[in-house]
Amino acid sequence: MGYGAPIMDDEKLAQTVKNEYASSDDQVTLLDSIEETPTGKFIWLVAFCASIAGALFGYDTGIISAVLVYLGDSLGHELAAHEKELITSLCSGGAFVGAIIAGLTADKYGRKAAIYLDCLLFTVGAIIQGAAYSMAQMCVGRFIVGLGVGSAAMVVPLYIAEIAPTKFRGRMIGLNNMSITGGQVISYGIGAGFANVPHGWRYMVGLGGVPSVILACLLPFCPESPRQLVFHGKTEEATVVIGRIYKHASPEQVNEKVAIIGRAVQAAKSLTEGKSMWFLVRKLHTVPSNFRALVCACGLMVISQMSGFNTLMYYSSTLFALVGFSNPVAVGLVVAGTNFVMTWANMMMVDPWGRRRVLVSTVWGMSAGLLAVAIAFSFIPVNTETLEIRSATITAPAIVVLIFIIWFVFFYGISVGNTAWMSTDFFPMEVRAVGTMFMTCSCWGSNIIVSSTFLTMMKSLTPSGAFGFYAAICGIGWVLIIFFYPEVSGLTIEEVQEVFKHGFGVKYTRNLRKQRKALRAASISA
Ligand SMILES: O[C@H]1[C@H](O)[C@@H](O)[C@H](O)[C@@H](O)[C@H]1O
């Protein structure tokens, strides 16, 4: 029994597993036993360094709301609404392009090269923005930073997924998510801190260039992904890296791990050697298991974005001013802070609980929260022409809106907001980079749609209609997750490749996890 072994009935399971464990020559492969060994601090430090790029993603997307408020006429004139929209959306547009560039190059040049490039983009973009005296210069700076955001959003989870020990993979990608949402909290704090400083907005954007320099200095201490090293024929280097990651493993276990990776790499190579990028894109769409992985990864990402969460990130001031709060920036900080705390909760829960279990038991809460917001809004007299409130005092429905927005963020942060970035391990190696690229593009594509239609929807559908729409998306998303999202937590990245060969793998992984549990129990009692 090895990867892709048939799933058997529950009754026969315990005995068969015990027998096999006792007789198999291939016990190491069976349990990938290196994964059971303790790992040291080194790999956490590496994941932490890579996550600085995630913090920059969060910082640069979050800071814009404060920058827009304090720009004034610094770019030569007071900006019109459409110019503000342009500055905001150019970052998402750049991110879309950045994700494509990273996706096309991550295999050829390795994961680390893309992160170095991100550092350059974040720094150059920050300098250009901070020194901008014209709308054109600001737009260029914003787009360049967007390229970095999109590339980092794509390559960092990919890099972490490939270096992480199986038992910490979800948690380590979660660390990157914490950096994203932490970066957003910091950006709100810095936005508030520089609010009354002359030219404060220049410091706000310029500060985004500092952590990228720090990251560039730390990167030489981080290893290249061992899977990438094996892919490029550097098996000895990969062995050293695996030895550093699993520092309590025996040399045999290290060699076996490299051999397992080598087999997966060989399989990937035999399918793709000498083939063009277009071939990989076709393979991603035409091989049924790849396509199912793609649907699942992009589907979850689209649900996370179309839930409307980022309307709160980009337009929270507008929204909270609309319902009568006089200090919308502070209220916005509460939203970003809740998201950050729940990202931590997600990180702690995904590996022991399993991603699917977390999603199934929480996504309904997003829908329920948004529905309550939609209902509460119907009691608030909003002028849909001007998007202004007709009464200046905070009413009970306004408080209900705030409570249920925080409720929504609570469930968003603990579920799709972070789990969506973990699906990079759904893809087999030969299409992992290109699959992650599509997943990241589906993030920025749907992000652009939501951020560019929110205010229009508030006007044409009324706030109740807009939030009702997002509630429906979350409700449908929850049902789709129940039927189609498999549990891959606890499986090695090589094992995950088998999952989508069995439909969407929901039943397959349920049985596989049961088998593994029994196998572990048998190995302990043997
Ligand atoms: O995972 C992140 C996180 O949830 C952020 O708070 C959000 O702004 C991003 O759009 C999302 O991709």
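Just above, that's the structure.
Cut-offs used in this document
Residues numbered from 1 in each chain as written. Predicted model: local features only at pLDDT ≥ 70, side-chain atom pairs only at ≥ 80, totals over all residues. Heavy atoms only, no water. Helix = DSSP H or I, 4+ residues; strand = E, 2+ residues; numbered from the N terminus. Rg over C-alpha atoms; globule rule 2.2 N^0.38 Å. Buried < 20%, exposed > 50% of the residue type's maximum accessible area, 1.4 Å probe, protein only. Contact = heavy atoms within 4.5 Å. Areas by Shrake-Rupley, 256 points an atom, 1.4 Å probe, with all protein chains shown as cover. Salt bridge = Lys/Arg side-chain N within 4 Å of Asp/Glu carboxyl O. Near = heavy atom within 4 Å. Phe/Tyr/Trp six-rings, centres within 6.5 Å; stacked < 30°, edge-to-face > 60°. Lys NZ or Arg CZ within 6 Å of the ring centre and 35° of its normal. Axes fitted to C-alpha atoms, helices over the stretch in contact; angles between N-to-C directions. Parallel < 35°, antiparallel > 145°, perpendicular 65-115°, else oblique. Left-handed = near helix turned anticlockwise from the far one by under 90°. Nonpolar A, V, L, I, M, F, W, Y, C, P; charged D, E, K, R; others polar. Core = buried A, V, L, I, M, F, W, Y, C linked by side-chain atoms within 4.5 Å. Patch = residues over 30% accessible without salt bridge, like charges linked within 9 Å, V, L, I, M, F, W, Y side chains within 5 Å. Expected span 1.5 Å × (residues − 1). Bend = angle between axes of the 7 residues up to and from the residue.

### Here we look at the overall build of the protein
Thinking step 1. Along the backbone of the protein there are 24 helices and 2 strands.
Thinking step 2. Relative to the 2.2 N^0.38 estimate, which gives 24 Å for 526 residues, the radius of gyration of the protein is 24 Å and therefore close to what a compact globule would have.
Thinking step 3. With respect to the principal axes defined by its C-alpha atoms, the protein has extents near 75 × 45 × 40 Å.
Thinking step 4. Counting only residues that meet the buried cut, the protein has 59% of its 526 residues in that class.
Thinking step 5. The long-range fraction of contacts in the protein, counting pairs at least 24 apart against all pairs at least 6 apart in sequence, stands at 81%.
Thinking step 6. Surface summary for the protein: the accessible area is close to 20200 Å², and the carbon and sulfur share equals 67%.

### Notes on the side chain of serine 367
Thinking step 1. Structurally, serine 367 can be placed in helix 18 (residues 355–377).
Thinking step 2. Overall, serine 367 belongs to the buried group, its relative accessible area being 15%.
Thinking step 3. With sequence-adjacent residues up to four places away left out, serine 367 is seen in contact with Ala471, Cys474 and Gly475.

### Examining the pattern of salt bridges
Thinking step 1. This structure, assessed with the given rule, holds 10 salt bridges.
Thinking step 2. Measuring nitrogen to oxygen at the nearest pair gives 3.0 Å for the salt bridge that ties arginine 227 to glutamate 494. Remark: glutamate 494 occurs in helix 23 (residues 493–499) and arginine 227 occurs in helix 11 (residues 226–231); sequence separation between them is 267 residues. Summarising the burial analysis for this pair, arginine 227 and glutamate 494 share the class buried.
Thinking step 3. Between aspartate 425 and arginine 355 there is a salt bridge, and its shortest N-O distance comes to 2.6 Å. Here the residue aspartate 425 occupies a position in the loop between helix 20 (416–419) and helix 21 (429–460), and arginine 355 occupies one in helix 18, the gap between them amounting to 70 residues.
Thinking step 4. Since its relative accessible area comes to 0%, aspartate 425 is described here as buried.
Thinking step 5. Given the relative accessible area of 2%, arginine 355 is considered buried.

### Observations concerning the site of the ligand
Thinking step 1. In the vicinity of the ligand, the contacting residues are Thr181, Gln184, Gln305, Phe309, Asn310, Asn339, Tyr412, Gly417 and Trp421.
Thinking step 2. In the complex, 98% of the free accessible area of the ligand, which totals 300 Å², lies under the protein chains.

### Concerning the packing of aromatic side chains
Thinking step 1. Scanning the entire structure with this criterion turns up 20 aromatic pairs.
Thinking step 2. On the basis of an interplanar angle of 50 degrees and a centroid distance of 5.3 Å, the ring pair of tryptophan 364 and phenylalanine 411 is categorised as tilted. Placement of the pair is tryptophan 364 in helix 18 and phenylalanine 411 in helix 19 (residues 396–414), with a sequence separation of 47 residues.
Thinking step 3. Clustering of aromatic rings is evident, with ring pairs tying together Trp364, Phe404, Trp407, Phe410 and Phe411.
Thinking step 4. The ring centre of phenylalanine 279 lies 5.0 Å from the NZ or CZ of lysine 275, which sits over that ring.

### Quick notes on the packing of helix 18 against helix 19
Thinking step 1. It is at 8 Å that the axes of helix 18 and helix 19 come closest, and there the two elements cross at 160 degrees. As summarised for this structure, helix 18 and helix 19 are arranged roughly antiparallel, according to the angle between their axes. Crossing angle aside, the handedness with which helix 18 passes helix 19 is left-handed. For the pair helix 18 and helix 19, contact is made by Val358, Thr362, Trp364, Gly365, Met366, Ala368, Gly369, Leu370, Ala372, Val373, Ala376 and Phe377 and by Pro397, Val400, Val401, Phe404, Ile405, Trp407, Phe408, Phe411, Tyr412 and Ile414, respectively.
Thinking step 2. Of the residues in the contact of helix 18 with helix 19, the class split is 19 nonpolar, 3 polar and no charged.

### Digging into the nonpolar core
Thinking step 1. In terms of nonpolar packing, the biggest core is built from 136 residues, with Phe377, Ile405, Val416, Phe426 and Phe467 touching the most fellow members.
Thinking step 2. Apart from the residues lying within four places of it in its own chain, the contact partners of phenylalanine 377 are Leu319, Leu322, Val323, Val382, Val401, Pro463, Ser464 and Phe467.
Thinking step 3. Ranked by size, the runner-up nonpolar core spans 18 residues in total, among them Ile64, Ala66, Val67 and Leu90.

### Thoughts on the environment of methionine 138
Thinking step 1. Among the structural elements, methionine 138 can be located in helix 7 (residues 135–163).
Thinking step 2. By relative accessible area, which is 0% here, methionine 138 ends up buried.
Thinking step 3. Each residue touching methionine 138, except ones within four places of it in the same chain, is listed here: Val67, Leu75, Ile87, Gln129, Ala132 and Trp201.

### Focus: the environment of methionine 348
Thinking step 1. If you trace the backbone, methionine 348 turns up in helix 17 (residues 328–353).
Thinking step 2. Relative accessible area serves as the criterion here: at 33%, methionine 348 is assigned to the partly exposed category.
Thinking step 3. For the pair methionine 348 and valine 335, spaced 13 residues apart in sequence, the C-alpha separation works out to 20 Å.

### What to know about a nonpolar patch on the surface
Thinking step 1. Taken together, the side chains of Val197, Tyr203, Leu207, Val210 and Ile214 make up a nonpolar region of the molecular surface, amounting to roughly 400 Å² of accessible area.
Thinking step 2. In this fold, leucine 207 is placed in the loop between helix 9 (200–206) and helix 10 (210–218).

### Let's talk about helix 21
Thinking step 1. Helix length check: helix 21 (32 residues) gives 45 Å between terminal C-alpha atoms against 46 Å at 1.5 Å per residue, within 8%.
Thinking step 2. The largest bend along helix 21 measures about 45 degrees and falls at phenylalanine 454.

### Digging into the side chain of glutamine 184
Thinking step 1. Here glutamine 184 is to be found in helix 8 (residues 169–193).
Thinking step 2. Residue classification places glutamine 184 among the buried positions, given a relative accessible area of 6%.
Thinking step 3. In this structure, glutamine 184 is in contact with Gly58, Tyr59, Thr61, Gly62, Met313 and Asn339, ignoring residues within four places of it in sequence.

### Remarks on helix 3 (residues 42–62)
Thinking step 1. Relative to the 30 Å expected for 21 residues at 1.5 Å per residue, helix 3 spans 30 Å between its end C-alpha atoms, a close match to the ideal helical length.
Thinking step 2. Across the 21 residues that make up helix 3, a large majority, 17, are buried.

### Quick notes on the packing of helix 5 (residues 81–109) against helix 21
The relative placement of two packed helices is expressed as an angle between their axes plus a distance between the axes.
Thinking step 1. Close contact between helix 5 and helix 21 brings their axes to 8 Å; oriented N to C, the two are set at 170 degrees. As summarised for this structure, helix 5 and helix 21 are arranged roughly antiparallel, according to the angle between their axes. Mapping the contact onto sequence places Glu85, Ser92, Gly93, Ala95, Phe96, Ala99, Ile100, Gly103, Leu104, Ala106 and Asp107 in helix 5 and Ala433, Met437, Thr440, Cys441, Trp444, Gly445, Asn447, Ile448 and Leu455 in helix 21.

### Re unusual backbone geometry
Thinking step 1. In the Ramachandran plot, histidine 199 falls in the positive-phi region, its phi being about 55 degrees despite a non-glycine side chain.
Thinking step 2. Note that histidine 199 resides in the loop between helix 8 and helix 9.
Thinking step 3. One non-glycine residue, threonine 462, adopts positive backbone phi at about 70 degrees.
Thinking step 4. Classification of threonine 462 by relative accessible area gives partly exposed; the value is 34%.

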